[in-house]
Amino acid sequence: MIEVVEPATAQVMAEIPRAGVEETDTAVAAAKAAYPGWRAVKPGDRAAMLLRISEGVAARLEELARLEARNAGKPISDARGEIGMVAECFRYYAGAPERNLGQQIPVAGGVDVTFREPLGVVGLITPWNFPLVIASWKVAPALAAGNTVVLKPAELTPLTAVELERIALEAGLPEGVLNVIPGPGSVAGSRLVEHPDVAKIAFTGSTEVGRRIAAAAAQTIKRVTLELGGKSANVIFADADLDAAAAAAPAAMFGNAGQDCCARSRILVERAGLDDLLAALERAVTSIVVGDPLAEETEMGPLISADQREAVRSYVPEDAPVAIRGSAPDGPGFWFAPTVLSPVSNSDRAATEEIFGPVACVIPFADEAEAVAIANDTIYGLSGSVWTRDGAKALRVARAIETGVVSINSNSSVRVTTPFGGFKQSGVGRELGPDALEHYTDVKNVFYSTEG
Ligand code: NDP
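This section reports on the structure supplied with the text. Note that the coordinates shown come from a computational prediction; the quantities given were computed from them, not determined experimentally.

### Quick look at a negative patch on the surface
So, point 1. A grouping of Asp241, Asp243, Asp275 and Asp276 is seen on the molecular surface, where their side chains present a negatively charged patch.
So, point 2. As for its placement among the helices and strands, Asp241 is situated in the loop between strand E10 (233–236) and helix H9 (242–254).
So, point 3. Using a relative accessible area of 35% as the deciding quantity, one classes Asp241 as partly exposed.

Shown next, in the form of structure tokens:
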């Protein structure tokens, strides 16, 4: 059995069966058996089922949000937003089955058309930081394209994925089309990756595990998309609206207690604006409400586990340059106060490694060229921001930063309708928007001779 722990209390909140190799093989066999039937479902009927899943999630939004908030330790207001996005994601991809368009290509002697064919059984492996919402980014386009799915949620946060399977069955999804296997990554996850009947793996998690998955998937030439770590730069020029940049920065650093691959955990500040920015940042960080995830006023919850807290703590040793420290509750639960380190060199460990906790670094820069050089001096390239009132400079810097997602005068990263994914070691492929569908289909070319 898996003992599911509530991070705010460190108590067990549920026990559910743990999937091992045998259960993984059974799920893959069920998905394989269901595949011919599912891909043959009329596009409009497949769309209607995805819409009903969206409606089923929306109808249970509050219940799912409370479950996610308790299991992942995230503020209830954030959890509501995430479950809302799950419903939106299924609604968006309900439009896809009837728009899965190919091409007609001019050729000699006949007609040439392309089809976007589903892949078969796809294995989805998801993390604990945004459990159901990241699962929906994969499940919805995979099903829309006609694939069947085996979803392995993180062992720490499996509860909402188990509910999604129920909702999908209630929505009329045939048995075997969506199979959820809560189990350890080293057992259930790696079995999915090596299984010869799994055509593709879509993974979100650490760069280290992503590397292993890519290597193992090569044995069966599986398609792989990877959404991995980040160390994103929030580039703030002195000519920006510094109050707005400082007010927005805490959510971008400490949202989800910093356990966010898109966290803008490196704040690059032009020297001329450094003092003003730090003063405004101090006011914003010290007022963050850290506490019970289920309390409406909470803005930041605990970390996911005791291990995660130890890992985060290692980035703030006794002699760390702590410039700003917020507050956190004492007592049970995996709490860690929001912390800003300043000044930090971009080569310091806290600036090079993904901390995945509420610890951010302030790194000063002299000019635009240095800002871009520092922003790009990382193995990662997932997201980032540029703050300035100079529109031309904003676009120049946005284009120069080697990253998959950039926002200007904003810290937003993710929308259901726009592509999301990383450059460099932050990953391969894109989720969400129209681009995700490409990663759940293969192109087939058909030539039809018209010669007598
Ligand atoms: P992992 O990369 O280990 O976990 C992500 C998912 O992969 C989980 O479902 C996990 O299963 C599974 N997994 C683990 N090992 C394997 C394997 N060998 N084969 C197949 N699947 C596997 O992340 P952690 O939870 O350990 O977090 C460690 C660090 O990773 C964090 O501190 C953070 O830096 C980064 N991370 C990044 C995320 C992102 O969004 N980019 C998300 C989560 C973590 P299980 O956990 O059930 O064992």
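### Re the site of the ligand
So, point 1. In the vicinity of the ligand lie 27 residues, with Thr126, Trp128, Glu155, Ser206 and Leu228 positioned nearest.
So, point 2. The separation between an oxygen atom of the ligand and a polar side-chain atom of Trp128 is 2.4 Å.
So, point 3. Between the ligand and Gln308 there is a distance of 3.2 Å, counted from an oxygen atom to a side-chain nitrogen or oxygen.
So, point 4. For the ligand, the accessible surface in isolation is 860 Å², of which the surrounding protein chains cover 82%.

### Some words on helix H4 (residues 76–93)
So, point 1. Between its terminal C-alpha atoms H4 stretches 26 Å, which fits the 26 Å expected from 18 residues at 1.5 Å a residue.
So, point 2. What H4 keeps buried is the set Ile76, Ala79, Glu82, Ile83, Met85, Val86, Ala87, Cys89, Phe90 and Tyr93.
So, point 3. Lining the buried residues of H4 we find helix H2 (43–59), helix H3 (61–72), helix H5 (131–144), helix H6 (159–170) and helix H15 (435–438).

### Focus: a nonpolar patch on the surface
So, point 1. Together, Ile105, Val107 and Phe447 make up a nonpolar patch on the protein surface, roughly 230 Å² of accessible area in all.
So, point 2. Following the sequence through the fold, Phe447 ends up in strand E18 (residues 441–449).

### Some thoughts on the environment of Ala245
So, point 1. Within the secondary structure, Ala245 sits in helix H9.
So, point 2. Taking the C-alpha atoms as reference points, Ala245 and Ser385, 140 residues apart in sequence, are found 10.0 Å from one another.
So, point 3. Contact partners of Ala245, with chain neighbours within four places excluded, come to Ile236 and Trp387.

Thresholds, definitions, all that
- Residues numbered from 1 in each chain as written.
- Predicted model: local features only at pLDDT ≥ 70, side-chain atom pairs only at ≥ 80, totals over all residues.
- Heavy atoms only, no water.
- Patch = residues over 30% accessible without salt bridge, like charges linked within 9 Å, V, L, I, M, F, W, Y side chains within 5 Å.
- Areas by Shrake-Rupley, 256 points an atom, 1.4 Å probe, with all protein chains shown as cover.
- Salt bridge = Lys/Arg side-chain N within 4 Å of Asp/Glu carboxyl O.
- Lys, Arg positive; Asp, Glu negative; His and termini not counted.
- Charge placed at Lys NZ, Arg CZ, Asp CG, Glu CD.
- Helix = DSSP H or I, 4+ residues; strand = E, 2+ residues; numbered from the N terminus.
- Buried < 20%, exposed > 50% of the residue type's maximum accessible area, 1.4 Å probe, protein only.
- Near = heavy atom within 4 Å.
- Polar contact = N/O pair within 3.5 Å; in protein donor to acceptor, adjacent residues only side chain to side chain.
- Expected span 1.5 Å × (residues − 1).
- Contact = heavy atoms within 4.5 Å.

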